[in-house]
Structure formats: C-alpha cells, structure tokens
Amino acid sequence: MKAMVLREIGRPLVLEERPEPLPGPGEIRLRIEACAVCRTDLHVIDGDLPHPRLPLVPGHEIVGIVDALGEGVDPARLGRRVGIPWLGHTCGYCSYCRSGAENLCDEPVFTGYTRDGGFATHVVADSDYAFDLDANADPVSTAPLLCAGLIGWRALKKAGEGRAIGLYGFGAAAHILMQICAWQGRSVYAFTRHGDEAAQRFALELGAKWAGPSDLPPPQPLDAAIIFAPAGDLVPSALRAVRKGGRVVCGGIHMSDIPHMPYSILWQERSITSVANLTREDAREFFPVACAAGVTTRTRAYPLTRANEALDDLRNGRFSGAAVLVP
Ligand SMILES: [Zn+2]
Ligand SMILES: [Zn+2]
C-alpha cells in the first residue's frame, strides 16, 4: 500500500510504500476511495495537539470499500462502502461511555492521530466505528461529511433551537451546516476573514441571509453563534453578536488564546461551550438529515501523493469547501 506519512512534527508528509495491513479481531480493512482533509490534520501535523502517534498516517474523513475482515466481523460487511470518522474506538466502560458521552471517553482512540488514518490506499479500522454509507454515494463528495459534517451537526445541537445562527469561519464545516440550517428554516449569518469576498459570496450562494467580515456586528442579534475558525479573538466578537441568553459554541479542536474580555459581554446568561469529537449517535442522526436536506459538498480533489499541497492550500485558505485526497 501507499501512505503519506508524518514522521516528524512540523515536517511535510513523506510517501511510503508499506505492506498492506491485516485487520485484527473486530476490525475491517478498507480500500480507500477518498479521504477529506480537515483542519485538525493541520493541528496534528503542526504540533498543536499533544502526543500524536509517530510515524503517523493522518486523515479521518475516510470513504472506502471493505476488502478484508478480521475475526468476528459480520461477513455481510465485505464489499460495502463505509465511512471512518475521527472517533476510532472508545473504552465502553468509563463514566462518559456509560452515560452516552463516548465523545469524551477517558481512553479514546482517534483515527489519523493515535491510530493510522486515511491519507493512504488502505486503512484498518474498528468495525464498530465504521458507518455504512449509501452504495451509490459519491466517495469524494461524501468524505467531508465524516468530520466537517458530523462536528458541524454536533455544534448545531449545542447551539440549540434558535432561528438566527451565526457561523464564524466559512470553510468545510460551515458550508455543510449552512445547508442543513437553511433546510430547517433557520437564518444563517456567515462571518469570514476580512476581505474574503469569495467566501462571503459562497455563503450567500448557499442561502446565507447575510455575509460579512467577522469584526462587523450582524444586522440583528443572533440566537447562537458557532465558531469554526481556530481564532480565539472571535469569542468576544461572537458574544457581542448574540442576544441575551444566547450561546456561543466553539467547534474546533484547537484555538488560539481567547483575549481578555469584559464580563458584561458574557452577562445576561450568555454562555460559551465547546464541542469535542463525536458520538456514533451523532452519525446515526446526521446522515439521514444530510440526505433529507439534500446536502451537497464543494470539494477540490487532489491525488493522494499531493497531500502536502492540499494541506498547504487549506492552511492558506486557497479554496472554498473541502479538500479531498484520492488514491
Ligand atoms: Zn470510555
Ligand atoms: Zn476533522
């Protein structure tokens, strides 16, 4: 198999030829069709997240066909198209796992972080954490749903039932969530980097009610705001944009420091929370919703061997939507 490997933090990925991995008990092997590139991959590669497994194959938005089964896996899964997300395994017995919060598991395994992921031609995964996908699904356009879609969905649940939703950072996650919000009849206010008119136009094309730079107040107070951009200075901006009792949800795994801010912008029962990982229950809810809402993704496909270019383009905001690697 071929894999793009992180050997050293902060260094470009290196193409390696490796023996094809064999699935262990309860595991499946996929022939990968597509793997989307997530901002979390950048955080892993850049060393923003502690203790990645090294050497590591990054990538956790994987779509592929099951081509080998480990002991104890339902034989019907052979040949199926499945998706592998960030949540690779949970312990099943810690207090979080037992209370329906497996996303917070004390002993989790994460795809493309603490076990090898999908920037490769093949990957082995725990079969219990692989989602069956539509046999007719297009692998490239489906891949971004596996993290950008799922995390966006979890963030929206945290945001509550409000009708006026602000999205800060209009990348892969926001462009999917925008479509779901519109389908639910909510009004979306899209905040982008200053001067990023392409992203603002993109948001308006997808049905945003308003789009503008993140330092502008929205034309009306928001019920909730979700921050996907990894910039801590957006937290006070978002708090100022939400109404009394409004919520601010931080959707990223890493963020720069949140600046000092006056208590008055939090007061009146505004709240800040974050989203961590996903549960399999999130996926059971999300995929039917995405299908009903007719979500389409805007993708830019790169050959697997050009993973470094895709990561660089994401880092520099060179495209709208999601980058996807194709072996
Ligand atoms: Zn656990
Ligand atoms: Zn991700």
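Only a predicted model underlies this, so the values are computations on that prediction, with no experimental measurement involved.

Calculation rules
- Residues numbered from 1 in each chain as written.
- Chains lettered and ligands numbered in written order.
- Predicted model: local features only at pLDDT ≥ 70, side-chain atom pairs only at ≥ 80, totals over all residues.
- Heavy atoms only, no water.
- Helix = DSSP H or I, 4+ residues; strand = E, 2+ residues; numbered from the N terminus.
- Buried < 20%, exposed > 50% of the residue type's maximum accessible area, 1.4 Å probe, protein only.
- Contact = heavy atoms within 4.5 Å.
- Donors = N, O, S within 2.8 Å, 3.2 Å for Na, K, Ca; no water.
- Tetrahedral: all angles 85-135°; square planar, octahedral: opposite > 155°, others 65-115°.
- Pairing = 2+ DSSP bridges.
- Axes fitted to C-alpha atoms, helices over the stretch in contact; angles between N-to-C directions.
- Salt bridge = Lys/Arg side-chain N within 4 Å of Asp/Glu carboxyl O.
- Polar contact = N/O pair within 3.5 Å; in protein donor to acceptor, adjacent residues only side chain to side chain.
- Domains from an automatic or database assignment.
- Buried area = accessible area lost by both parts, 1.4 Å probe.

Novice: How should the side chain of His 60 be read in this particular structure?
Specialist: Considering the arrangement of structural elements, one finds His 60 in the loop between helix 1 (39-46) and strand 4 (62-69). Relative accessible area serves as the criterion here: at 0%, His 60 is assigned to the buried category. Leave out the neighbours within four places in its chain, and His 60 touches Cys 35, Cys 38, Thr 40, Asp 41, Ile 84, Pro 85, Trp 86, Thr 111, Leu 146 and Cys 147.

Novice: What is the right way to read the coordination of the zinc ion (ligand 1) from this model?
Specialist: Each pair of donors in an ideal four-coordinate tetrahedral metal site encloses 109.5 degrees, whereas pairs in an ideal six-coordinate octahedral site enclose 90 or 180 degrees. Of the protein atoms, only Cys 91 (SG), Cys 94 (SG), Cys 97 (SG) and Cys 105 (SG) coordinate the zinc ion (ligand 1), at distances of 2.3 to 2.4 Å. One can describe the donor arrangement at the zinc ion (ligand 1) as tetrahedral, given that its 4 donor atoms subtend angles of 104 to 119 degrees at the metal. When the donors of the zinc ion (ligand 1) are listed by position in the chain, the intervening gaps give C-x2-C-x2-C-x7-C. The residues Cys 94 and Cys 97 share a single accessibility class, namely buried.

Novice: Would you take a moment to explain helix 7 (residues 234-241) for this structure?
Specialist: The α-helix winds at 3.6 residues per turn, so residues separated by three or four positions along the chain end up facing the same way. Most of helix 7 is tucked away: 6 of the 8 residues are buried. Against the buried residues of helix 7 lie strand 10 (164-168), strand 13 (222-227), strand 14 (242-250) and strand 15 (271-274).

Novice: Please explain the sheet that holds strand 12 (residues 210-213) as it appears in this structure.
Specialist: The pairing of strands in a sheet happens through backbone hydrogen bonds and is either parallel or antiparallel. Here we have 6 strands laid out as an open sheet, ordered 12-11-10-13-14-15, and parallel in their pairing. Edge positions in the sheet fall to strand 12 and strand 15, since each of these pairs with one other strand and no more. Each adjacent strand pair in this sheet contributes to an overall mean axis angle of 20 degrees, direction not counted. Both strand 10 and strand 13 contribute to a ladder of 4 bridges, which runs parallel. By the bridge assignment for strand 13, Ile 165 is matched with Ala 224. Of the strands in this sheet, strand 10, strand 13, strand 14 and strand 15 touch helix 7, which is tilted by about 150 degrees from strand 14.

Novice: I tried to follow unusual backbone geometry on my own but got confused; where do I start?
Specialist: Phi is mostly negative for residues that are not glycine, and the peptide bonds are mostly trans. Residue Pro 55 is reached from Leu 54 by a cis peptide bond, and omega for that bond is -10 degrees. Topologically, Pro 55 is positioned in the loop between helix 1 and strand 4. For Glu 269, which is not glycine, the phi dihedral falls at a positive 60 degrees. The exposed category is assigned to Glu 269, whose relative accessible area is 71%.

Novice: What exactly am I supposed to notice about the pattern of salt bridges here?
Specialist: As enumerated under the stated definition, the model contains 23 salt bridges in all. For Arg 81, the salt bridge is made with Glu 33, and the minimal N-O distance between the two is 2.8 Å. Linking Arg 81 in strand 5 (residues 81-84) with Glu 33 in strand 3 (residues 27-36), this pair joins segments that are 48 residues apart in sequence. By relative accessible area, Arg 81 is classed as buried at 14%. The partner of Lys 157 in a salt bridge is Asp 282, and the shortest N-O contact between them spans 2.7 Å. A residue pair is termed long-range when its members are at least 10 positions apart, and Lys 157 in helix 4 (residues 148-159) and Asp 282 in helix 8 (residues 280-292) qualify at 125 residues. Of the residues examined, Lys 157 reaches a relative accessible area of 38% and is grouped as partly exposed. Taking relative accessible area as the criterion, Asp 282 reaches 1% and is therefore assigned buried. Several salt bridges converge on common partners, so that one network encompasses Arg 7, Glu 16, Arg 18, Arg 53 and Asp 116.

Novice: Teacher, can you tell me more about the side chain of Glu 27 here?
Specialist: Checked against the element boundaries, Glu 27 lands in strand 3. You can call Glu 27 buried: its relative accessible area is 19%. A polar contact of 3.1 Å, which involves the side chain of Glu 27, links it to the side chain of Arg 115. Non-local contacts of Glu 27, meaning those with residues more than four positions away in its chain, are made with Leu 22, Leu 69, Gly 70, Val 73, Arg 115, Val 124, Ala 125, Asp 126 and Ser 127.

Novice: Any chance you could explain the domain arrangement of the chain here in plain terms?
Specialist: Where interface size is given, it is often the accessible area lost as the parts come together that is meant. Looking at the assigned domains, one finds that the chain contains domain 1 (2-146 + 278-326) and domain 2 (149-274). Centre-to-centre separation of domain 1 and domain 2, based on C-alpha positions: 26 Å. In total, domain 1 and domain 2 occlude about 2,200 Å² of area from one another, counting both sides; carbon and sulfur atoms represent 65% of this. For domain 1, the biggest contributors to the area lost against domain 2 are Asp 282, Phe 286 and Arg 298; these three give 21% of the whole. Remark: the boundary between domain 1 and domain 2 carries 4 salt bridges. With a shortest N-O distance of 2.9 Å, Asp 282 and Arg 154 are connected by a salt bridge. Linking domain 1 with domain 2 are 11 residue pairs in polar contact (both at pLDDT 80 or more). Secondary-structure elements contributing two or more residues to the side of domain 1 that touches domain 2 are helix 1 and helix 8. Sort the elements by how many residues they give to the side of domain 1 that touches domain 2 and helix 8 lands first, with 6 residues.

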